[in-house]
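Structure assessment
In case you want the letters, here they are:
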Amino acid sequence: MNSVPTSDVKPVNQANTQSDWVWEQRIPTDLEIASQVLNQILEKLQQFQWGQRDLFGIHLALEEALVNAMKHGNRMDPNKQVHIWCRVSRDEFHIRITDQGAGFNPEDVPDCTAPENLERPCGRGLMLMRNFMSEVAYNEKGNQVTMRKRRSQPNAESA
Amino acid sequence: MSSNEFFQVESHGEATVVTVQLPRISESEGIDQFFATLNALVKKGHTRLVLDLHQVELVSSRALGKLVVFQRNLAKMGGWIRLCRLSNYLQELFRITQLGKLFQVFPDREQAIAGAASAEADPAK
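Every value quoted in this text rests on a predicted model; they were computed, and no experiment measured them.

**So, the overall build of chain B**
Broken down by element type, chain B carries 4 helices and 7 strands. Listed N to C, the secondary structure of chain B is β-β-β-α-β-β-α-β-α-β-α in terms of helices and strands. Taken over 125 residues, chain B has a buried fraction of 55%. At a minimum sequence separation of 6, the contacts of chain B that also span at least 24 residues come to 66%.

**Concerning the environment of B:Tyr89**
Mapped onto the elements of the fold, B:Tyr89 is located in helix H3 (residues 88–97). With relative accessibility at 23%, the residue B:Tyr89 sits in the partly exposed group. Residues B:Tyr89 and B:Glu57, 32 residues apart in the sequence, show an inter-C-alpha distance of 7.8 Å. In this view, B:Tyr89 contacts A:Gln52, A:Arg53 and A:Phe56; residues no more than four positions away in its chain are not counted.

**Side note on empty space enclosed by the protein**
Residue and element names in this part refer to chain B. A full pass over the atoms with the stated rule returns 1 cavity of 30 Å³ or more. Roughly 50 Å³ of internal volume is contained in the largest cavity. In terms of lining, the largest cavity is formed by Ile25, Phe34, Phe35, Leu53, Val59, Ala63 and Leu67. Taken together, the residues of the lining of the largest cavity sort by class into 7 nonpolar, no polar and no charged.

**Here's the deal with the layout of surface pockets**
A volume near 660 Å³ is recorded for the largest pocket. Lining the largest pocket are 28 residues, and of these A:Asn68, A:His72, A:Phe104, A:Val109 and B:Arg62 lie nearest its centre. Going through the elements one at a time, helix H2 (52–73), strand E3 (92–98), helix H3 (124–132) and strand E5 (144–150) of chain A together with helix H2 (61–76) of chain B are the ones with two or more residues in the lining of the largest pocket. Of the residues forming the lining of the largest pocket, the biggest block, 5 residues, is contributed by H2(A). Looking at the lining of the largest pocket, its residues break down into 12 nonpolar, 11 polar and 5 charged. Residue lining of the second largest pocket: 15 residues in total, with A:Gln52, A:Leu55, A:Phe56, A:His59 and B:Glu57 positioned closest to the centre.

**Some points on the side chain of A:Asn143**
All names here are of chain A. Summarising the element assignment, Asn143 is placed in the loop between strand E4 (135–138) and E5. Here the side chain of Asn143 touches Asn139 through a polar contact of 2.9 Å, side chain to side chain. Leave out the neighbours within four places in its chain, and Asn143 touches Ile97, Thr98, Asp99, Gly101 and Gly103.

**Concerning the interface of chain B and chain A**
Facing the 25 residues of chain B at the interface are 26 residues of chain A. Of the roughly 2,300 Å² buried between chain B and chain A on both sides combined, carbon and sulfur atoms contribute 60%. Area buried by chain B at its contact with chain A is led by B:Arg62, B:Tyr89 and B:Ile96, which between them contribute 25% of it. For the pair chain B and chain A, the number of links is 3 salt bridges. The partner of A:Glu64 in a salt bridge is B:Arg62, with the nearest N and O atoms 3.2 Å apart.

**Digging into the sheet that holds E4(A)**
Residue and element names in this part refer to chain A. Within the open sheet, the 5 strands sit side by side as E1-E2-E3-E5-E4. Their pairing is antiparallel. Looking at strand neighbours, the two that pair on one side only are strand E1 (21–28) and E4, the edges of this open sheet. For this sheet, the mean angle separating the axes of adjacent strands, direction not counted, is 10°. Here 7 bridges tie E3 to E5, and the two strands are oriented antiparallel to one another. Note on E5: the bridge partner recorded for Thr98 is Gln144. Contacting E1, strand E2 (81–88), E3 and E5, H2 runs over the sheet at an angle of about 10° to E3. Strands E4 and E5 of the sheet are contacted by H3, whose axis makes an angle of about 135° with E4.

What counts as what
- Residue numbers restart at each chain and count upward from 1, following the sequence in its written direction.
- Labels are handed out in written order, letters beginning with A for the chains and numbers beginning with 1 for the ligands.
- Totals for whole chains, interfaces and linings use all residues, but because this is a predicted model, local features are given only for residues with pLDDT of at least 70 and pairs of side-chain atoms are given and counted only at 80 or more.
- By convention in this description, side-chain values take in all heavy atoms of the structure and omit both hydrogens and water.
- Helix and strand assignments come from DSSP, with helices taken as H or I runs of at least 4 residues and strands as E runs of at least 2, each series counted from the N terminus.
- The rule is simple: take the accessible area with a 1.4 Å probe, protein chains only, and divide by the maximum for that residue type; under 20% is buried, over 50% is exposed, in between is partly exposed.
- The criterion used for residue contact is that any of the two residues' heavy atoms lie within 4.5 Å.
- We place a 1 Å grid over just the protein atoms. Points where a 1.4 Å probe fits but has no way out form a cavity, open points with protein on both sides within 12 Å along at least 5 of 7 lines form a pocket, and any residue with an atom within 4 Å of a point lines it.
- Grid points are joined across faces, edges and corners, and a volume is the space filled by probe spheres set on the points.
- For this classification, Asp, Glu, Lys and Arg are treated as charged, while Ala, Val, Leu, Ile, Met, Phe, Trp, Tyr, Cys and Pro are nonpolar and the rest, including Gly, are polar.
- Polar contact criterion, stated in full: a pair of N or O atoms within 3.5 Å, where within protein one must be able to donate a hydrogen and the other to accept it, and residues adjacent in sequence count only if both atoms are side-chain atoms.
- Note: buried area is the sum, over both parts, of the accessible area (probe 1.4 Å) each one loses when the two are combined.
- Every case where a carboxyl oxygen of Asp or Glu lies within 4 Å of a side-chain nitrogen of Lys or Arg is listed as a salt bridge.
- DSSP-based pairing: two strands are paired if at least 2 bridges between them are found.
- The axes are straight lines fitted to the C-alpha atoms, using for helices just the contacting stretch, and the angles between their N-to-C directions are given from 0 to 180°.

Here it is as structure tokens:
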């Protein structure tokens, strides 16, 4: 597995406004590097004092989206890359992840909570992303996902 | 019994209790170790498993899918799996995915192990 120093995973645009953190990078198809990116974004969200429940949801959705891009999109081809653009602020998390695969139609993914699909091993990732994020959208080709999460109110955090 | 830094394995009667000490069971971290350990236990004849997940913060969709398949294969061998001490977030995950219908989930180890005593009536079997 390729390994890049953590220092290579740096924001290219540290702050385009006083309060936002913007990060953009192409990373190789490597789950270890995806994990580094994930940890860096979570760390930034913690710095913006996002609550635990929101962090859990973003963590889960981001894990699903990055693994989807690498496994299903780029089919773990080490010559392909994943492009990530991300913005974090106190009130909103916004990310766009683009792979170099053929894309897919999210409408083709069956409802994993239907009784006949409950025992299927796949199909839950997209549903979890939609459940934990405020918005999830794909481009027409189906190789780019955009997700937004608005910060929960404090009373929702404790629920 | 093979405990290591990621798993603590103990026998309680006919049940084998596995305390999972991985923070994440996901594609980017932990999934291979998790299922390698479970498969190794089954190979050694430990087919009645209680998984204590109180230290696990996140389980990805693929790990959930693999757990579904693992449970199905275990049931074919006459074994079973029970989950206990899930965090509120993991409980929510099982509720959203409706996987609480497939897995037996207990609030604590004692209840999970006690349930093991009546394994013959286990619906998952």
